[in-house]
Amino acid sequence: MAKLYCVPLGHSPRSLFYDKLQSVGYDKGVLVLPSRVLMKKAEREANVRIIDIDYLATTILYDNGYINLRQINRRSQELVIKDLVKHLANGNKLGYFGVLAEKKGFIKALTSLVGQLSRSGSHEDEILNALRDWNRTGNQGQKDWDITQLYGLYRRYLRDNNWFDLEGKYRLAMKVLQEENVKVRWEEICISDFFTFDALQFGFIKALAKRAKVSVGMMYEANKDNIFRAVQKT
């Protein structure tokens with residue numbers, strides 16, 4: 001079970017987590033932070049192990065046998081999306097995106113959209129069915145169909161090549177955490193200073209909390225909705 005620590009605006013629970021981690025020892029606990037700036041600051045403030053949340057998921061996989069996981073980075077994602085767009089365009093299968101395919105910044109925007117769909121917490125079939133069942137007409141309906149084709153091809157391409165993007169890595173880590181004999185190298189895991197979590201990160205933390213002591217620290221004040229509305233769901 002995860003424990004949530006809420007602190008007022010302008011504060012951080014890091015000092016509390018420093019004490020918690022130092023009490024269990026350097027090799028048995030870890031502090032997870034959202035940025036390099038905060039990681040460098042924490043390194044100056046305390047003698048604790050510090051990582052980011054993506055590395056935490058990687059470590060879970062590595063410790064459970066996924067040593068040679070084939071992960072693609074954002075640039076590789078863009079190249080894959082570019083090739084798939086070209087393939088669909090050459091077959092005259094892009095009605096809405098066809099005229100945009102060569103525009104500057106289009107591939108980056110489309111890669112970002114694919115990432116957002118993947119990190120929504122919904123499975124591929126749920127996303128594709130939702131797009132098909134939306135039943136929009138005209139240009140918007142054509143746009144939905146183009147996204148459906150592209151997203152389906154993208155996920156299939158990764159499966160066929162046994163590649164994992166960042167979103168796929170989180171899903172695999174969550175699956176591994178369900179296994180009976182899963183190994184987690186840290187007893188105490190403190191996650192601090194995140195503004196919010198996306199659906200996949202949230203699911204990963206929930207799964208992790210069944211295998212280790214997890215503490216999460218966030219800034220939040222219930223009587224300041226105008227400031228913390230985006231945090232409230234998390």
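To keep things clear, this report deals only with the structure shown in the data block. (Residues numbered from 1 in each chain as written. Predicted model: local features only at pLDDT ≥ 70, side-chain atom pairs only at ≥ 80, totals over all residues. Heavy atoms only, no water.)

The subject of this paragraph is the pairing of strand E5 (residues 213-219). Counting buried positions along E5 gives five out of seven residues, so the element sits mostly inside the fold. Relative to E5, strand E1 (residues 2-7) runs parallel, the two being bridged by six bridges. Following the sheet pairing, Tyr5 is matched in E5 by Gly217. Taken together, the five bridges between strand E4 (residues 188-192) and E5 define a ladder with parallel strand orientation. The residue bridging Ile189 from the neighbouring strand is Val214, located in E5. With respect to chirality, the unit in which E4 leads through helix H9 (residues 199-208) into the neighbouring parallel E5 is right-handed. (Buried < 20%, exposed > 50% of the residue type's maximum accessible area, 1.4 Å probe, protein only. Helix = DSSP H or I, 4+ residues; strand = E, 2+ residues; numbered from the N terminus. Pairing = 2+ DSSP bridges. Right-handed = clockwise from strand over helix to strand, strands pointing away.)

Here we take up the pattern of salt bridges. Applying the stated criterion across every chain, the model contains 14 salt bridges. A salt bridge links Asp144 to Arg136, with the nearest nitrogen and oxygen atoms 2.7 Å apart. Residue class for Asp144 comes out buried when judged on its relative accessible area of 3%. Between Asp165 and Arg155 there is a salt bridge whose closest N-O contact spans 3.2 Å. Separated by 10 residues along the polypeptide, Asp165 in the loop between helix H7 (138-161) and helix H8 (166-177) and Arg155 in helix H7 bring together distant segments of the chain. The burial state of Asp165 is the same as that of Arg155; both residues are buried. Salt bridges here are not isolated pairs; linked through shared partners, they connect Arg14, Lys41, Glu45 and Asp193. (Salt bridge = Lys/Arg side-chain N within 4 Å of Asp/Glu carboxyl O.)

A general trend in soluble globular proteins is that nonpolar side chains are found buried together. Ranked by size, the top nonpolar core spans 31 residues in total, and within it Ile189, Ile191 and Phe204 carry the most contacts. Mapped by element, the contributors of at least two residues to this core are strand E2 (29-32), helix H3 (53-63), H8, E4, H9, E5 and helix H10 (225-232). In this structure Ile191 touches Phe17, Val32, Phe197, Ile205, Val214, Ser215, Val216 and Gly217, once residues within four positions along its chain are discounted. (Core = buried A, V, L, I, M, F, W, Y, C linked by side-chain atoms within 4.5 Å. Contact = heavy atoms within 4.5 Å.)

Think of two packed helices as two axes; the pair is described by the angle between the axes and how far apart they sit. Following both chains from N to C, one finds helix H4 (residues 74-90) and H7 inclined at 125°, their axes separated by 10 Å at the closest point. Accordingly, the angle class assigned to the pair H4 and H7 is oblique. By crossing handedness, the relation of H4 to H7 is classed as right-handed. Between H4, through Gln77, Val80, Ile81, Leu84, Val85, His87 and Leu88, and H7, the contact on the second element is made entirely by Gln149, Leu150, Leu153, Tyr154 and Tyr157. (Axes fitted to C-alpha atoms, helices over the stretch in contact; angles between N-to-C directions. Parallel < 35°, antiparallel > 145°, perpendicular 65-115°, else oblique. Left-handed = near helix turned anticlockwise from the far one by under 90°.)

Right, let's talk about the packing of helix H6 (residues 124-133) against H7 for a bit. Interhelical geometry of H6 versus H7 gives an angle of 165° and a closest axis separation of 9 Å. Here H7 runs roughly antiparallel to H6, going by the angle between their axes. The way H6 lies across H7 gives a crossing that is left-handed. Every residue of H7 that contacts H6 at Glu124, Ile127, Leu128, Leu131 and Arg132 is listed here: Asp144, Ile147, Thr148, Tyr151, Gly152, Arg155 and Arg159. Counted by class, the contact of H6 with H7 contains five nonpolar, two polar and five charged residues. (Nonpolar A, V, L, I, M, F, W, Y, C, P; charged D, E, K, R; others polar.)

Okay, the side chain of Arg119 next. With respect to the secondary-structure elements, Arg119 resides in the loop between helix H5 (106-118) and H6. For Arg119, a relative accessible area of 17% puts it in the buried group. Setting aside residues no more than four positions away along its own chain, Arg119 makes contact with Leu166, Glu167, Tyr170, Asp198, Ala199, Leu200 and Gln201.

In this section: unusual backbone geometry. For Asn135, which is not glycine, the phi torsion reads 60° and is therefore positive. Within the element layout of this structure, Asn135 appears in the loop between H6 and H7. A positive phi angle, near 70°, is found at Asp193, a position not held by glycine. Inspection of the secondary structure assignment puts Asp193 in the loop between E4 and H9.

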